[in-house]
Structure formats: structure tokens, C-alpha cells
Number of protein chains: 2
Amino acid sequence: MAVINEDLAYDLGDFFKIFGDPTRIKILYTLLQREMCVSDLVAELNINQSALSHQLRILRQNDIVKFRRDGKSVIYSLDDEHVGILLRNGIEHISHKNAYDSEEEHK
Amino acid sequence: MAVINEDLAYDLGDFFKIFGDPTRIKILYTLLQREMCVSDLVAELNINQSALSHQLRILRQNDIVKFRRDGKSVIYSLDDEHVGILLRNGIEHISHKNAYDSEEEHK
DNA sequence: TTGATATATGAACAACTGTTCATATATTCA
DNA sequence: TGAATATATGAACAGTTGTTCATATATCAA
């Protein structure tokens, strides 16, 4: 084992970076529940259409979401089983931390 | 369920952002194996002492690592069980992706 | 105390990131 | 074909991030 491979460190960093933005989190959290077309995402998430499209491209290019065209719409969905696990993992961490924080407040 | 809470989206984003940097990944990957003092990390990871210290502060402030002083040294270790799970999750994702990529190359 | 060693911090700066605006492309329908 | 709708893309810009250099703080040993 010893030292982490330099490339792996960069790849891992790049991978987690994808989840390091609230807009992308919103998108992924939504797609975790059901596939959805762009205009529905715009409506539901209250994000500028262009900003959403830019973020979807990032998710696409990193194989986090997949998409198919249906008439005029493009329908996006999660491409990876790990995404859900990862998000839930993060949520768990945050809720534990918040629970601990409010415990502290009572002292 | 429906739409993700705005605060949660930001908190989750901030959480994952911590893992979105190769220097921090190197640090965490190393601490996953054993606790270590700063100068050992400097030597092992070949990172500038100041840069390392700045990154350790970020990890500290986000309760990802904990530390204790031992004489002149400060010894860091992981503070959270989730970190290992998260890293392994990311590594798994990347290795699957790479496996798939090289599969593609053969076509 | 003084010098040596270990770690932390602040300021400055270059590089990167996400958003917006304008516009391009794609599809459907009349 | 032309208009309407849905989505994507490029350029510009402000804000953020990570590194470096210089320096501060902390601990130990003489």
C-alpha cells in the first residue's frame, strides 16, 4: 500500500469534485428519485436553464448521468449505482455532525 | 421527499468539496492506514509544509481529522468512520470506469 | 534564556469554477 | 418551409481555491 498513486489522487479528487457543488447535488438528488427531462428540472429546481445545461454536461462527461432524447425533450437519469450510495453517505455524515452539534449546544 | 432542501444541498456540496482536492485525498488516504505527524506526512507525501498545514486545517475545521500534540509533533488521524467508506466508494467507481474504458478500447 | 525543530497562519497571487447573456442547434407541427 | 419549443454551447466575468513565501507560535534541550 504505502503512498497513494499520484494519478489516483487526482482522479479521486476530480471524482469528488463533481459532487462538490450545490447545483449538481440538487440535480442528482432529484434524479435519484426519478428520471426527468431538462425543462422539468428547470421548473422543479428553480435553476437557470443555461446553468442547468452546463452542469448536466459536466455530469454527462463524467458518466454520472445518462440521457436519451424523447421528441423535443432530453431525459436524464443516473448512470451509476454508486451515486446514490455516495449521496446517502454524505447525508449521513452531515446529519451525525448536526446531531452532535446540537448536543454540544445543551452543555 | 420531492425537492431537496436548499441548505442540505449546500452542506452536501461543501462536504464533498473537501474530498475534491488531490492534496487532501493524499493526506486522507495516508491517514486511513495509520495516524501520522505533520513532518512524516511532509516527508511521505512530498508536499510543501505550509500547503500541508493549510490543508490539515481545512480537514480539522470540517471534523474530518482529529489531532493531538506529542512533544514537538502534532499527530493527525481520521475522525470519522465515513471517510474510509467514502474513499473506497470513490476508488471503486474509478476502477469500474477504467475497467470499462479499457474494455471499450478493445472494440 | 537561547537555539533548534515542528507546526500554524496571513497575505498575495495565479488558476479554476459556476453563472449569466446571447446565440446556436435540434425537433415538432402547421 | 417557417414558427415555436427544448436544449446546448461559447464568451465574459466575478468569486473561490490552493499554493507559496514570509513569519509567528510552540515545545524541547542545553
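Source: prediction; values computed, not measured.

Caption draft 1: Region of interest: the pairing of strand 3 (residues 73-78) of chain A. Residue and element names in this part refer to chain A. In terms of burial, strand 3 is largely enclosed, as five of its six residues are buried. Here two bridges tie strand 1 (residues 36-37) to strand 3, and the two strands are oriented antiparallel to one another. When the bridges of strand 3 are listed, M36 appears paired with Y76. Pairing of strand 2 (residues 65-70) with strand 3, which is carried by six bridges, proceeds in the antiparallel orientation. Bridged to R69 within strand 3 is V74. Between strand 2 and the antiparallel strand that follows it, strand 3, lie two residues; G71 among them carries a positive phi value of about 70°.

Caption draft 2: Structural view of the nonpolar core. Grouped together as the largest cluster of nonpolar side chains are 59 residues, with contacts concentrated most on A:F16, A:F19, B:F16 and B:F19. Of all the elements, helix 1 (residues 6-18) of chain A adds the most residues to this core, at six residues. Among all residues touching B:F19, those that are not within four sequence positions of it are A:L12, A:G13, A:F16, B:I25, B:L28, B:I64, B:V83, B:L86 and B:L87.

Caption draft 3: Just the interface of chain B and chain A, in detail. The partner chain A presents 41 residues to the 39 residues of chain B that form the contact. With both sides pooled, the region where chain B packs onto chain A buries about 3900 Å², and carbon together with sulfur makes up 70% of that total. Three residues, B:F16, B:H82 and B:H93, lead the burial of chain B against chain A; their summed loss comes to 16% of the area buried on that side. Here chain B is connected to chain A by two salt bridges. Residue A:E6 pairs with B:K26 through a salt bridge whose shortest N-O separation is 3.0 Å. Our enumeration of links across chain B and chain A arrives at six residue pairs in polar contact (both at pLDDT 80 or more). When contributions to the side of chain B that touches chain A are tallied by element, the ones reaching two or more residues are helix 1 (6-18), helix 2 (22-33), helix 3 (38-45) and helix 5 (81-105) of chain B.

Caption draft 4: Focus on the pattern of salt bridges. For the structure shown, the criterion picks out eight salt bridges over all chains. Between A:R34 and A:E44 there is a salt bridge, with its nearest N and O atoms 3.4 Å apart. Of this pair, A:R34 sits in the loop between helix 2 (22-31) and strand 1 while A:E44 sits in helix 3 (residues 38-45), and the two are 10 residues apart along the sequence. We classify A:R34 as partly exposed; its relative accessible area is 41%. Given the relative accessible area of 26%, A:E44 is considered partly exposed. The closest approach of N and O atoms between B:K17 and B:D14, which form a salt bridge, is 3.7 Å. A residue pair is termed a helical-turn pair when its members lie 3 or 4 positions apart in one helix, as B:K17 and B:D14 do in helix 1 at three residues. Residue classification places B:D14 among the partly exposed residues on the basis of a relative accessible area of 41%.

Caption draft 5: Representation of the relation of the copies chain B and chain A. Superposition record for chain B on chain A: RMSD 0.0 Å, screw rotation 180°, translation along axis 0.0 Å. One copy is carried onto the other by what is essentially a two-fold rotation axis. The residues that chain B uses at the interface reappear at the interface of chain A in 100% of cases, marking a shared surface.

Cut-offs used in this document
Residues numbered from 1 in each chain as written. Chains lettered and ligands numbered in written order. Predicted model: local features only at pLDDT ≥ 70, side-chain atom pairs only at ≥ 80, totals over all residues. Heavy atoms only, no water. Buried < 20%, exposed > 50% of the residue type's maximum accessible area, 1.4 Å probe, protein only. Helix = DSSP H or I, 4+ residues; strand = E, 2+ residues; numbered from the N terminus. Pairing = 2+ DSSP bridges. Core = buried A, V, L, I, M, F, W, Y, C linked by side-chain atoms within 4.5 Å. Contact = heavy atoms within 4.5 Å. Buried area = accessible area lost by both parts, 1.4 Å probe. Salt bridge = Lys/Arg side-chain N within 4 Å of Asp/Glu carboxyl O. Polar contact = N/O pair within 3.5 Å; in protein donor to acceptor, adjacent residues only side chain to side chain. Least-squares fit on C-alpha atoms with pLDDT ≥ 70 in both.

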